[in-house]
Amino acid sequence: MYDRMSLSRRTEAMYHGRNIWIQTPEDTILAKLDWARESLSERQLQDALNVIKQKRETLDLNYLKEWAKQLNVEEMLNDLLKLAGMDKP
């Protein structure tokens, strides 16, 4: 179900004169957290944190929190939000 949702949210962008589809920042974060949960990869966590920091002003936190709970990565997301200084309501 999540895979279909993330595909429906992707956006089209121009890259070197060609149209490409890119994943939203929220879905990139969720994918990286899911990979980190599976692989115990610190690199994936750092990548997710970097996306959070870069896109902090425009992230859909409700979407992130809802899917993080369903994907069983809610605690990891909360930890990263705290590290990014975004743990306040």
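Residues numbered from 1 in each chain as written. Predicted model: local features only at pLDDT ≥ 70, side-chain atom pairs only at ≥ 80, totals over all residues. Heavy atoms only, no water.

Draft legend 1. Broad picture of the packing of aromatic side chains. The tally for this structure, following the rule as stated, stands at one aromatic pair. Between Tyr63 and Trp67, the aromatic rings sit 6.5 Å apart at their centres with planes inclined by 55 degrees, giving tilted as the arrangement. With a gap of four residues between them, Tyr63 and Trp67 both fall in helix 4 (residues 61–70), about one helical turn apart. Both residues of the pair, Tyr63 and Trp67, belong to the buried class. When the ring centre of Tyr63 is taken as reference, the NZ or CZ atom of Arg9 above it lies at 3.6 Å. The ring centre of Trp21 lies 4.5 Å from the NZ or CZ of Arg10, which sits over that ring. (Phe/Tyr/Trp six-rings, centres within 6.5 Å; stacked < 30°, edge-to-face > 60°. Helix = DSSP H or I, 4+ residues; strand = E, 2+ residues; numbered from the N terminus. Buried < 20%, exposed > 50% of the residue type's maximum accessible area, 1.4 Å probe, protein only. Lys NZ or Arg CZ within 6 Å of the ring centre and 35° of its normal.)

Draft legend 2. Structural context of the pairing of strand 1 (residues 11–15). The sheet contact formed by strand 1 and strand 2 (residues 18–22) spans five bridges and is antiparallel. Within strand 2, the position partnered with Glu12 by the bridge is Trp21. The loop that links strand 1 with its antiparallel partner strand 2 comprises two residues; one of these, His16, has a positive phi angle of about 50 degrees. (Pairing = 2+ DSSP bridges.)

Draft legend 3. Focus on the nonpolar core. Ranked by size, the top nonpolar core spans 23 residues in total, and within it Ile29, Leu30, Leu33, Ile52, Leu77 and Leu80 carry the most contacts. Listing elements by their share of this core, those giving two or more residues are helix 2 (25–39), helix 3 (42–55), helix 4 and helix 5 (74–83). Take this core: its biggest share by element is five residues, from helix 3. Setting aside residues up to four positions removed in sequence, Leu80 forms contacts with Leu33, Leu45, Ala48, Leu49 and Ile52. (Core = buried A, V, L, I, M, F, W, Y, C linked by side-chain atoms within 4.5 Å. Contact = heavy atoms within 4.5 Å.)

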